[in-house]
Every structure is written in structure tokens, then in C-alpha cells.
Amino acid sequence: MHEELKKVISQAMNTRFEFEQKLIQRAWEDEAFKQELLSNPKAVYARESGEETPTNLEIEVIQETANKVYLVLPNNPAPSGSEEELSEEALETVAGGVFGKCLLFSRTRNANDLA
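The name that an unreviewed UniProt entry assigns to the protein is Nif11-type, with the source organism given as Scytonema sp. PCC 10023.

As C-alpha cells, then:
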């Protein structure tokens with residue numbers, strides 16, 4: 001994979017991870033926020049990120065249990081073996097568009113599961 005692309009993907013993943021952690025922490029501390037996140041994740045995302053969400057974007061929150069863990073495998077913006085440079089549109093998708101947002105709310109964990 002092109003080195004520039006790897007860097008952009010890494011930065012997008014870090015940003016997403018940090019945002020997810022803030023949402024998870026808040027959900028652990030505030031039951032009303034957690035219920036809103038579970039029932040209307042798209043509205044919560046828009047409010048908390050300060051960004052509009054595309055109408056065609058779906059966001060799903062899945063709460064793990066003590067006996068079930070979810071691993072989210074994001075969409076690969078550049079198929080393996082692709083040495084071609086990405087278009088501006090593809091780079092935008094990786095940097096902050098669909099890749100950065102699509103699975104942002106992929107999971108929320110219950111604080112009791114960590115004990």
C-alpha cells in the first residue's frame with residue numbers, strides 16, 4: 001500500500017478511536033446518554049461531532065455483553081496490491097468521509113463487562 005495512504009488511514013483510525021472512546025466513556029457515566037446513543041446514534045453523532053451526517057449513512061450501535069465481543073472490520077479503501085494513487089475523492093473518504101464516520105458507533109461496552 002502506498003506510504004501516504006497508510007499514513008492517512010492511520011490518522012483517520014486514531015481520530016475515530018479517540019472519538020469512540022469519548023462516547024463510550026460518556027455512555028458509561030450517563031445512562032440517559034447511553035440510551036440516546038443506542039436509540040438514535042445518527043443524531044448523537046451529529047451533535048457530538050458538530051458535523052452533519054449524510055442522509056445515506058447508517059450508524060448502528062451494538063452493545064457487547066460479558067459473553068459476546070464484536071470485532072468491526074472497516075471497509076478497505078484501497079484493495080490489497082493496489083499501488084495506484086487514490087483519487088482526491090478516495091482520499092477524502094479515507095481521511096474524514098465514509099471511512100472515518102461509517103462505523104464510528106460500531107460498539108459501546110457496558111462498564112460491568114470490564115470487571
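Following the structure, the description resumes.
The next subject is helix H3 (residues 41-49). Within H3, the full set of buried residues consists of Pro41, Val44 and Tyr45. When H3 is viewed along its axis, its buried side chains cluster within an angular range of 100 degrees and face the same direction. Phi for Gly50, located one or two positions after H3, is positive at around 75 degrees.

For helix H1 (residues 3-29), spanning 27 residues, the distance from its first C-alpha to its last is 39 Å, which sits close to the expected 39 Å at 1.5 Å a residue. Along H1, the positions that sit buried rather than exposed are Leu5, Val8, Ile9, Ala12, Arg16, Phe19, Glu20, Leu23, Ile24 and Ala27.

Counted by the stated rule, this structure contains one aromatic pair. For the ring pair Phe19 and Tyr45, a centre distance of 5.8 Å and an interplane angle of 80 degrees mean the geometry is edge-to-face. Residue Phe19 is found in helix H1, and its partner Tyr45 is found in helix H3; the two are separated by 26 residues along the sequence. The same class applies to Phe19 as to Tyr45, namely buried.

Cut-offs used in this document
Residues numbered from 1 in each chain as written. Predicted model: local features only at pLDDT ≥ 70, side-chain atom pairs only at ≥ 80, totals over all residues. Heavy atoms only, no water. Buried < 20%, exposed > 50% of the residue type's maximum accessible area, 1.4 Å probe, protein only. Helix = DSSP H or I, 4+ residues; strand = E, 2+ residues; numbered from the N terminus. Arc of directions from axis to C-beta. Expected span 1.5 Å × (residues − 1). Phe/Tyr/Trp six-rings, centres within 6.5 Å; stacked < 30°, edge-to-face > 60°.

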